[in-house]
Amino acid sequence: MNKEERTKRFMSMSSRQRQELIIKKMKYRGIEVGSGIPNKNYDSQEVYELIHIANCFPELRDKK
């Protein structure tokens, strides 16, 4: 599946499905929601994008 097809599939998902997919990918990479560090450079652009997207959904963060 090429990038365009993945983008179309992602955009056709409901908001909840997108959130679940993002969280699943983050967990696979060992990233916790809200773990982004301001002014930190990440090695992978995809990791940075996942953190940024997840931060747009405050309801996904655990309240402690």
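Refer to the structure presented above.
Residues numbered from 1 in each chain as written. Predicted model: local features only at pLDDT ≥ 70, side-chain atom pairs only at ≥ 80, totals over all residues. Heavy atoms only, no water.

Trainee: Lay out the overall build of the chain with the relevant residues and their values.
Mentor: A tally of regular secondary structure across the chain gives three helices and zero strands. When the elements of the chain are put in sequence order from the N terminus, they spell out α-α-α. Within the span of the chain, comprising 64 residues, buried residues form 19% of the whole. On the chain, roughly 5500 Å² of surface is accessible, and the fraction owed to carbon and sulfur atoms is 50%. (Helix = DSSP H or I, 4+ residues; strand = E, 2+ residues; numbered from the N terminus. Buried < 20%, exposed > 50% of the residue type's maximum accessible area, 1.4 Å probe, protein only. Areas by Shrake-Rupley, 256 points an atom, 1.4 Å probe, with all protein chains shown as cover.)

Trainee: Please provide a residue-by-residue account of the pattern of salt bridges, values included.
Mentor: Under the definition given, this model contains two salt bridges. With a shortest N-O distance of 3.5 Å, Lys8 and Glu4 are connected by a salt bridge. Here the residue Lys8 and the residue Glu4 both occupy positions in helix 1 (residues 3-12), the gap between them amounting to four residues, near one helical turn. Given the relative accessible area of 53%, Glu4 is considered exposed. (Salt bridge = Lys/Arg side-chain N within 4 Å of Asp/Glu carboxyl O.)

Trainee: Describe in detail the layout of surface pockets, supporting the description with residues and values.
Mentor: Rolled over the atoms, a probe sized like a water molecule indicates the empty space that remains. Here the largest pocket is characterised by a volume of approximately 470 Å³. Arg6, Thr7, Phe10, Lys25 and Glu46 are the residues nearest the centre of the largest pocket, which is lined by 14 residues in total. Elements with a minimum of two residues in the lining of the largest pocket: helix 1, helix 2 (15-28) and helix 3 (45-55). Sorting elements by how many residues they give to the lining of the largest pocket places helix 1 first, with five residues. Tallied by class, the residues present in the lining of the largest pocket amount to seven nonpolar, one polar and six charged. (1 Å grid on protein atoms, 1.4 Å probe; cavity = no way out; pocket = protein on both sides within 12 Å on 5 of 7 lines; lining within 4 Å. Points joined across faces, edges and corners; volume = space filled by probe spheres on them. Nonpolar A, V, L, I, M, F, W, Y, C, P; charged D, E, K, R; others polar.)

Trainee: Which residues make up a positive patch on the surface, and what are the values?
Mentor: Judged by side-chain charge, Lys3, Arg6, Arg9 and Lys25 come together as a positively charged surface patch. With three residues, helix 1 is the largest single contributor of residues to the positive patch. Positionally, Lys3 belongs in helix 1. (Patch = residues over 30% accessible without salt bridge, like charges linked within 9 Å, V, L, I, M, F, W, Y side chains within 5 Å. Lys, Arg positive; Asp, Glu negative; His and termini not counted. Charge placed at Lys NZ, Arg CZ, Asp CG, Glu CD.)

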